[in-house]
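# Understanding the architecture of this molecule
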Amino acid sequence: TTPIVNLTLKEIKEWFDKKSMSTPTEAIKSLNLAKHMTRCLIEDNEVDIPNRFTKVDTKPIKKSIDQALEKRPMTPEEYKALWFACDEWHNPVEGLFIQFVMQTSSRGKAIAELKKDDVKKVKGQYQFNNLHKGKRFLIVLNQSAEDIYLKALEKAKKYPISPYLFPNYIYSANGK
């Protein structure tokens, strides 16, 4: 192992480039840690050496990370993958919860607070009111969302104490 103060800029860049190819966010975090530790070492020992970690250009990798974090709609492949992962989830109530959120395009918090009594059948279709930013929105379930709702009702029978459509599997009488 080479001491930090003896590392060359070329060695540091090679390490960073290799790490940024496999795990970009970890590469940035590691580089920032190395910058900080080297600065502390230099300040504590009052040595006059350059902090070579500060010379690595991180702008391209930060730009690619930012682009990856931009909000965008799911691709059809991502949607299908998430849907099928929910089918195979270890807790069927949680899987149905995610699928219901996906089908109704409602916020997870609103669906988590949805009680069994909140969903009504009107003119042959199930519907419920969703509160978003202080306004009520009527959500009418399509066939797929209705199927999920009926499955959730069946699974919720295991939790008779809970009034919620998607009860937490560790639900207690004192909590949600």
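Relevant structure appears above.
All right, on to the overall build of the chain then. Secondary structure assignment for the chain yields seven helices and three strands. In sequence order, the secondary structure elements of the chain are arranged as α-α-α-α-α-α-β-β-β-α. Relative to a compact globule of 176 residues, whose C-alpha radius of gyration would be 16 Å, the chain shows 26 Å and is clearly more extended. Overall, the chain is about 80 × 40 × 35 Å in size when its C-alpha atoms are taken along their principal axes. Looking at the chain as a whole, 29% of its 176 residues qualify as buried. Considering only contacts within the chain whose residues lie at least 6 apart along the sequence, 48% involve residues at least 24 apart. With an accessible surface of roughly 12600 Å², the chain has 55% of that area assigned to carbon and sulfur atoms. Counting 30 positive and 22 negative side-chain charges, the chain places the centres of these two groups 7 Å from one another.

Now for the packing of aromatic side chains. Under the counting rule described, the total for this entry stands at six aromatic pairs. Here Y126 and Y149 contribute two aromatic rings whose centre-to-centre distance is 4.9 Å and whose plane-to-plane angle is 50°, an arrangement assigned as tilted. Remark: Y149 occurs in helix α7 (residues 143–156) and Y126 occurs in strand β2 (residues 125–132); sequence separation between them is 23 residues. Each of the two residues, Y126 as well as Y149, counts as buried. An aromatic cluster is present here, built from F97, F100, F128 and F166 joined pairwise through their rings.

With that settled, the discussion passes to the sheet that holds strand β1 (residues 120–122). Spatially, the three strands line up as an open sheet ordered β1-β2-β3, and their pairing is antiparallel. Each having just a single partner strand, β1 and β3 (135–140) make up the two edges of the open sheet. Along the sheet, successive strands turn relative to each other by an average axial angle of 40°, direction set aside. In terms of strand pairing, β1 meets β2 through three bridges, oriented antiparallel. Each bridged residue has a counterpart across the sheet, and for K121 the counterpart in β2 is Y126.

By the definition in use, this model includes five salt bridges. A salt bridge links R39 to E43; the nearest nitrogen and oxygen atoms lie 3.6 Å apart. Here the residue R39 and the residue E43 both occupy positions in helix α2 (residues 24–45), the gap between them amounting to four residues, near one helical turn. Overall, R39 belongs to the partly exposed group, its relative accessible area being 40%. Here K109 ties to E113 by a salt bridge, and the two come within 2.6 Å at their closest N and O atoms.

Quick look at helix α5 (residues 92–104) now. Spacing of three or four residues puts side chains on the same side of an α-helix, whose turn is 3.6 residues. Taking 1.5 Å of rise per residue, 13 residues should cover 18 Å, and α5 covers 18 Å from first to last C-alpha, within 8% of that figure. Among the residues making up α5, those that are buried are V93, G95, L96, F97, Q99, F100, V101, M102 and T104. If you follow the buried residues of α5, they end up packed against α4 (76–87), α6 (108–112), β2, β3 and α7. S105 occupies a position one or two residues after α5 and carries a positive phi of about 55°.

Cut-offs used in this document
- Residues numbered from 1 in each chain as written.
- Predicted model: local features only at pLDDT ≥ 70, side-chain atom pairs only at ≥ 80, totals over all residues.
- Heavy atoms only, no water.
- Helix = DSSP H or I, 4+ residues; strand = E, 2+ residues; numbered from the N terminus.
- Rg over C-alpha atoms; globule rule 2.2 N^0.38 Å.
- Buried < 20%, exposed > 50% of the residue type's maximum accessible area, 1.4 Å probe, protein only.
- Contact = heavy atoms within 4.5 Å.
- Areas by Shrake-Rupley, 256 points an atom, 1.4 Å probe, with all protein chains shown as cover.
- Lys, Arg positive; Asp, Glu negative; His and termini not counted.
- Charge placed at Lys NZ, Arg CZ, Asp CG, Glu CD.
- Phe/Tyr/Trp six-rings, centres within 6.5 Å; stacked < 30°, edge-to-face > 60°.
- Pairing = 2+ DSSP bridges.
- Axes fitted to C-alpha atoms, helices over the stretch in contact; angles between N-to-C directions.
- Salt bridge = Lys/Arg side-chain N within 4 Å of Asp/Glu carboxyl O.
- Expected span 1.5 Å × (residues − 1).

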